[in-house]
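Take a look at the letters that make up each chain.
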Amino acid sequence: MENYKKEENQIIMCGIIGIASRDKNVKGRLVDSLKRLEYRGYDSSGIALRIKDGIFIKKRQGRVAELEEELKGNTFNSEVGIGHTRWATHGEPSCKNSHPHTDCTGKIALVHNGIIENYKELKKELEDSGHIFTSSTDTEVIAHLIEENLKEYTFIEAFRKAVKTLEGSFAIVALFSEEGSLYVARKDSPLVIGIGDRENFVASDVPAFLPWTDRVIFLEDGEMCKMTPNSVETYNFEGKSLKKEVIKVPWNLAQAEKGGYKHFMLKEIYEQGKAVGDTIGARLERDDEKVALEGDFPIPPEEIERILILACGTSYHAGLVGKFYLEEISGIPVYVDYGSEFRYRKPIINEKTLVIAVSQSGETADTIGAVRLAREKGARIISICNVLGSTLTRISDVTFHTYAGPEISVASTKAFTTQLSLFFLLALDLGSRRGFLSDEKEREYVREILSLPVKIEDILKKDKKEGIIREIAVKISSARNALYLGRNVNYPIALEGALKLKEISYIHAEGYPAGEMKHGPIALIDEETPTVFIATESSVLKKVKSNMEEIKSRNGKIISLVSDGEKELSELSDYIIRVPGINEYLAPILNIIPLQLLAYHAADYLGHDVDQPRNLAKSVTVE
Ligand code: AGP
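I will try to describe carefully the structure that is included in this document. Remember, it's a predicted structure, so these values are computed and weren't measured experimentally. (Residues numbered from 1 in each chain as written. Predicted model: local features only at pLDDT ≥ 70, side-chain atom pairs only at ≥ 80, totals over all residues. Heavy atoms only, no water.)

A word on the overall build of the protein chain
Of the regular secondary structure elements, the protein chain holds 19 helices and 27 strands. A compact globule built from 623 residues would reach a C-alpha radius of gyration of about 25 Å, and the protein chain, at 26 Å, matches this within 12%. The buried share of the protein chain, reckoned over its 623 residues, is 62%. Taking as baseline every contact in the protein chain between residues at least 6 positions apart, the subset at least 24 positions apart corresponds to 72%. Within the structure as shown, the protein chain displays about 23600 Å² of accessible surface, and the carbon and sulfur contribution to it stands at 48%. Of note, the protein chain has its 81 positive side-chain charges centred 3 Å away from the centre of its 94 negative side-chain charges. (Helix = DSSP H or I, 4+ residues; strand = E, 2+ residues; numbered from the N terminus. Rg over C-alpha atoms; globule rule 2.2 N^0.38 Å. Buried < 20%, exposed > 50% of the residue type's maximum accessible area, 1.4 Å probe, protein only. Contact = heavy atoms within 4.5 Å. Areas by Shrake-Rupley, 256 points an atom, 1.4 Å probe, with all protein chains shown as cover. Lys, Arg positive; Asp, Glu negative; His and termini not counted. Charge placed at Lys NZ, Arg CZ, Asp CG, Glu CD.)

Shown next, in the form of structure tokens:
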């Protein structure tokens, strides 16, 4: 796990396109490509074109359509150009921080996706040598570095030496006004080359150029290339020439935007290892195994008297898990409420109440209404949100962003696991600063949370390889009702698993505390009603086991989610799904993933529109 601290204006995800073509209509196609990359980020966008007397640049905050509007009436033709869409995670989206960026002379323009970790030192050196910067991004440093090298070397050598100086992750496409070539380099950030007929392309993702070619070269980390309309020369960062294979991608455009996945939901489920890794990695100092949040709480931690979590839907379920984390690790009493309920109540709140609002979109009307009420009553607000610049972030005192990247599918998945991860870090920080959590315990928790991305990937690899969850999903797809049962910190996972199934497969599913079965719901049990038990290793596993026996004795069908190595529960279960072991408080972040997949496969098998289920919207901006 890279323990980098995200600086101002550094971004997690964006879309890059470069075109070198004999057809001269590069401008229009750059914009078309940016539209196809917009699902990767849409705070701002920009293009650069090589024209007769230099480089033309146009950048715009907002959607690509607004950039397109501004370009209307502009008659520049060009054979070579680059474009960029930005998904900012730090700092308000702004024109000056949008890409492309240039050097002092304006002869070099470039776009970048990734994080340059040594940009501050490089910027200082360059400023000391007289370079003038116009933005606060890490990206601009690359342009000035090439410019500095150009004093002694040819452009390709200046580019290569600059790239070798960079630390961190980067996908770079650079344009030099004095030649009709593009220069490309890749390290730990996606870039793919498209080979056309008297034209070539480079992009973050295949969809950007798929209408014009399906023949691609996948650049590897540590590789670069020089591209013209008729040639693509590839090298490693040492300057050694490489022979790269051209591959035909088996996708149509619609599939490609999903990276080859059938639905955005499946793609987003499979992105969770990276999403959780990015969300926690930016906030951990790996050396001394401590949490290092980028913002502070609006109330001194020792003065917080209680925490109120406000959210809707999946985000509300994340808040229920957050309650366990905050009470257990920081010792502060926590209340969780639906936004739609809280806002019509007469809540008892004072200035020592910290509100944590949770929302993927940051636009959910009920959550926003609740936050406005809490603020009127004197509460201080922090938000956990996935969309920078959204309404919720603007009415919060502090926002902690999940770095999940755009979540397109209506059913929320990677937003949820990143919300839980962030709650855990907030709890560690509060617990440590209130003296409620020992340094030693904090280090132990940090080591555990760092193991999450690999364990998430293990679950996903197993799903792809074994297909057990798909088999179970097919079996339960004919059910009319289903029960999800869990205890303690897994009770909210029962609720979330049930929500996933009902919102995309339309099978009625109910999440319940396992201990509540005997107070009524057990009357529902029959051979047609599957019960999903979250029965992973925990302090209440024995209690869960006795609930399973109650169901089994009434001929209920049981699907059990158990920890690797668990043996006892097999004879009670009709189907077993195994997940890697981890600290019981972090287990919900792993446990939800098989339940997301169960819902996905059931809905897919039933032929439903998984990404846009009936009656639902991605963001409920109405009350
Ligand atoms: C979850 O799968 C649903 N899409 C829905 O419950 C969603 O979580 C809810 O509308 C809240 O949305 P938000 O996180 O954007 O506020």
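Once the structure has been displayed, the description carries forward.
A look at the site of the ligand
The ligand sits among 14 residues. The nearest are Ser315, Ser359, Ser361, Thr364 and Glu503. Between an oxygen atom of the ligand and a main-chain N or O atom of Thr314, the distance comes to 3.0 Å. Contact with the protein chains hides 92% of the accessible area of the ligand, taken as 410 Å² for the molecule alone. Every element with two or more residues in the shell around the ligand is listed here: α9 (313–330) and α17 (491–505). Of all the elements, α9 adds the most residues to the shell around the ligand, at three residues. By residue class, the composition of the shell around the ligand is four nonpolar, eight polar and two charged. (Near = heavy atom within 4 Å. Polar contact = N/O pair within 3.5 Å; in protein donor to acceptor, adjacent residues only side chain to side chain. Nonpolar A, V, L, I, M, F, W, Y, C, P; charged D, E, K, R; others polar.)

With respect to the layout of surface pockets
Empty space among the atoms can be located by rolling a probe the size of a water molecule over them. Each pocket or cavity is described by its volume, and for the second largest pocket that value is around 570 Å³. Every residue lining the second largest pocket is counted, 27 residues in all, and those nearest its centre are Gly313, Thr314, Glu503, Ala617 and Val620. Of all elements in the fold, only α9, β20 (353–359), α11 (365–376) and α17 reach the threshold of two or more residues within the lining of the second largest pocket. Among the elements that line the lining of the second largest pocket, the one with the most residues is α17, at four residues. (1 Å grid on protein atoms, 1.4 Å probe; cavity = no way out; pocket = protein on both sides within 12 Å on 5 of 7 lines; lining within 4 Å. Points joined across faces, edges and corners; volume = space filled by probe spheres on them.)

Some thoughts on helix α2 (residues 64–71)
All buried positions along α2 are accounted for by Val64, Leu67 and Leu71. Within α2, the buried residues cover an arc of 55 degrees as seen down the axis, which keeps them to one side. Backbone geometry just after α2 places Gly73 at a positive phi near 85 degrees. (Arc of directions from axis to C-beta.)

Description of the nonpolar core
In terms of nonpolar packing, the biggest core is built from 88 residues, with Ile307, Ile356 and Tyr484 touching the most fellow members. In terms of residue count, helix α19 (residues 587–605) provides more of this core than any other element does, 12 residues in total. Val141, Ile146, Phe176 and Phe237 belong to the second-largest nonpolar core, a separate cluster that totals 27 residues. (Core = buried A, V, L, I, M, F, W, Y, C linked by side-chain atoms within 4.5 Å.)

Describing the sheet that holds strand β21 (residues 380–385)
The sheet built from five strands is open, its strands ordered β19-β18-β20-β21-β22 with parallel pairing. The strands lining the two open edges of the sheet, one partner per strand, are β19 (334–338) and β22 (398–401). Each neighbouring strand pair of the sheet contributes to a mean axis angle of 20 degrees, computed without reference to strand direction. For β21 and β22, the ladder comprises four bridges, and the chain directions are parallel. Residue pairing for β22: Ile384 is matched across the bridge by Phe400. Sheet strands in contact with α9 are β18 (306–311), β19 and β20, and its direction is about 175 degrees off that of β19. (Pairing = 2+ DSSP bridges. Axes fitted to C-alpha atoms, helices over the stretch in contact; angles between N-to-C directions.)

Describing the sheet that holds strand β26 (residues 557–563)
Overall, parallel pairing links the five strands, which are arranged β24-β23-β25-β26-β27 in an open sheet. On the outer flanks of this sheet lie β24 (508–513) and β27 (575–579), each paired with one strand and no other. Across the sheet, the mean angle separating the axes of adjacent strands is 20 degrees when strand polarity is ignored. Packing of α17 onto the sheet brings it into contact with β23 (481–486), β24 and β25 (530–534), and relative to β24 it is tilted by some 175 degrees. Packed on one face of the sheet, helix α18 (residues 541–552) meets β23, β25 and β26 and runs near 170 degrees to β25.

Digging into the packing of aromatic side chains
Under the definition given, this model contains 12 aromatic pairs. Both rings, one in Phe201 and one in Trp212, keep their centres 5.6 Å apart while their planes meet at 15 degrees; by these two values the pair is stacked. Here Phe201, found in strand β10 (residues 199–203), pairs with Trp212, found in the loop between β10 and β11 (215–218); they are 11 residues apart in sequence, far enough to count as distant. Arranged with centres 6.0 Å apart and planes meeting at 45 degrees, the rings of Phe297 and Phe400 form a pair that is tilted. Within this pair, whereas Phe297 is found in the loop between β17 (290–291) and β18, its partner Phe400 is found in strand β22, the two being separated by 103 residues in sequence. Owing to a relative accessible area of 0%, Phe400 belongs among the buried residues under this scheme. (Phe/Tyr/Trp six-rings, centres within 6.5 Å; stacked < 30°, edge-to-face > 60°.)

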